[in-house]
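Listed below are the residues making up each chain.
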Amino acid sequence: MAGVRRGREAALKLMRLRAGAKVLDMGCGTGLNFGHIQHRIGPDGWLVGVDLSSDMITQASRKAHVNEWSNVSLATADATRTTAEALCEALGGEKFDAAIATYSLSLMADWRAAFDTMVAACKPGARVAVVDMQVPTGRSAVWAPLARAACRAGGADIHAHPWTRLEQRCTNVDSVSLRGGHIQVRVGTVPRD
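These notes cover the structure that comes with them. Bear in mind the structure is a predicted one, so any value in this text is a computation, not a measurement.

1. A closer look at the pairing of strand β4 (residues 96–102)
Alright, step 1. β4 sits mainly inside the fold: six of its seven residues count as buried.
Alright, step 2. Bridge count between strand β1 (residues 22–26) and β4: three bridges; the pairing is parallel. The residue bridging L24 from the neighbouring strand is A99, located in β4.
Alright, step 3. Across six bridges, β4 lies against strand β5 (residues 122–133) in parallel orientation. Its bridge partner being in β5, I100 is matched across the sheet by A129.

Have a look at this one:
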């Protein structure tokens, strides 16, 4: 879906990833972010994808193999129960330069714990992104019943608003609203204190 893709692209642009960056993709699913991230971090970077579904991780692994991305580590883990230390194991204990969660936190009952762990796995100064959905607003509110039904069918809580946690925990927050407010993008910096 074009709108969903635009949300990913907006977040990755605002993250300002550099070649060689180490990036965490929390709730990576089938790896839809991987190509966009790889384009930015290059072969000297590292990408760690985490998802609860082993089927999703299998598809993400296949994508990494087909594209010959040897700088990808994948883990089947519950983002609401894992630790920052466990996430950083793929980097030899080093923390991440950036982290992203696209359309995944609203699927988690305890998305706050997942977000907090994601931030704890990042270095001070790291860029963190959340892309998720809410009920459309303004003239687009006419699509609200469809948006609610689609989120419900997919298991997402359209009222979760996980980007609010980023706004509370991070500094230098950039904000983008797409598709009549339905798609919300927030990118912020992990505080240095």
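2. A few points about the nonpolar core
Alright, step 1. Counting residues in each nonpolar core, the largest one holds 30 residues, and the members touching the most others are L24, M26, F96, L105, F115, M118 and V128.
Alright, step 2. No other element matches the five residues that helix α5 (residues 111–120) contributes to this core.
Alright, step 3. Those residues in contact with L24, other than ones at most four positions away along the chain, are V48, V50, L87, F96, A98, A99, I100, M118 and A121.

3. Some details on helix α2 (residues 34–41)
Alright, step 1. Taken residue by residue, α2 has F34, I37, Q38 and I41 as its buried positions. The buried side chains of α2 occupy one side of the element, clustering within an arc of 100 degrees when seen end-on.

4. Quick notes on the layout of surface pockets
Alright, step 1. As a volume, the largest pocket reaches approximately 980 Å³.
Alright, step 2. If you tally residues by element for the lining of the largest pocket, the top one is helix α6 (residues 144–154), at five residues.
Alright, step 3. Broken down by class, the residue content of the lining of the largest pocket amounts to 22 nonpolar, 12 polar and four charged.
Alright, step 4. One number sums up the size of the second largest pocket: a volume of about 260 Å³.
Alright, step 5. If you go around the second largest pocket, the residues you meet are M15, R16, L17, R18, A21, D97, A98, K123, P124, G125, A126 and R127.
Alright, step 6. For the lining of the second largest pocket, the elements supplying multiple residues, two or more each, are β4 and β5.
Alright, step 7. Of all the elements, β5 adds the most residues to the lining of the second largest pocket, at five residues.
Alright, step 8. Tallied by class, the residues present in the lining of the second largest pocket amount to six nonpolar, one polar and five charged.

5. Looking at the sheet that holds β5
Alright, step 1. Across the sheet, seven strands lie side by side as β3-β2-β1-β4-β5-β7-β6; this open sheet has mixed pairing. The open sheet has two edge strands with one neighbour each: β3 (72–76) and β6 (171–178). Neighbour-to-neighbour, the strand axes of the sheet open up by a mean angle of 15 degrees, direction not taken into account.
Alright, step 2. In this sheet, strand β2 (residues 46–51) lies alongside β1 in parallel orientation, the contact comprising five bridges. Paired with V23 across the two strands is L47, which belongs to β2.
Alright, step 3. Sheet strands in contact with α5 are β1, β4 and β5, and its direction is about 150 degrees off that of β5.

Reading guide: rules and limits
The residue numbering used here restarts from 1 in each chain and proceeds along that chain's sequence as written. Confidence filtering applies because this is a predicted model: local features only for residues at pLDDT of at least 70, side-chain atom pairs given and counted only at 80 or more, and all residues used for totals across whole chains, interfaces and linings. The side-chain values count all of the structure's non-hydrogen atoms but skip hydrogen atoms and water molecules. When a residue's accessible area, from a 1.4 Å probe over protein chains only, is under 20% of the maximum for its type it is buried; when over 50% it is exposed; and in between it is partly exposed. Secondary structure elements follow DSSP: runs of H or I no shorter than four residues count as helices, runs of E no shorter than two count as strands, and numbering proceeds from the N terminus. In this analysis, strands are considered paired if DSSP registers two or more bridges between them. Side-chain atoms within 4.5 Å are what join buried Ala, Val, Leu, Ile, Met, Phe, Trp, Tyr and Cys residues into a set we call a nonpolar core. The contact definition used throughout considers only heavy atoms, calling two residues in contact when any of these lie within 4.5 Å. Directions drawn from the helix axis to the C-beta atoms are what define this arc. Using protein atoms alone on a 1 Å grid, points that fit a 1.4 Å probe yet trap it form a cavity, whereas open point sets bounded by protein on both sides within 12 Å along at least five of seven lines form a pocket; residues with an atom within 4 Å of a point count as lining. Grid points are joined across faces, edges and corners, and a volume is the space filled by probe spheres set on the points. In this classification, the charged set is Asp, Glu, Lys and Arg, the nonpolar set is Ala, Val, Leu, Ile, Met, Phe, Trp, Tyr, Cys and Pro, and all remaining amino acids, among them Gly, are polar. The angle between two axes is taken between their N-to-C directions and runs from 0 to 180 degrees, where each axis is a line fitted to C-alpha atoms and a helix contributes only its stretch in contact.

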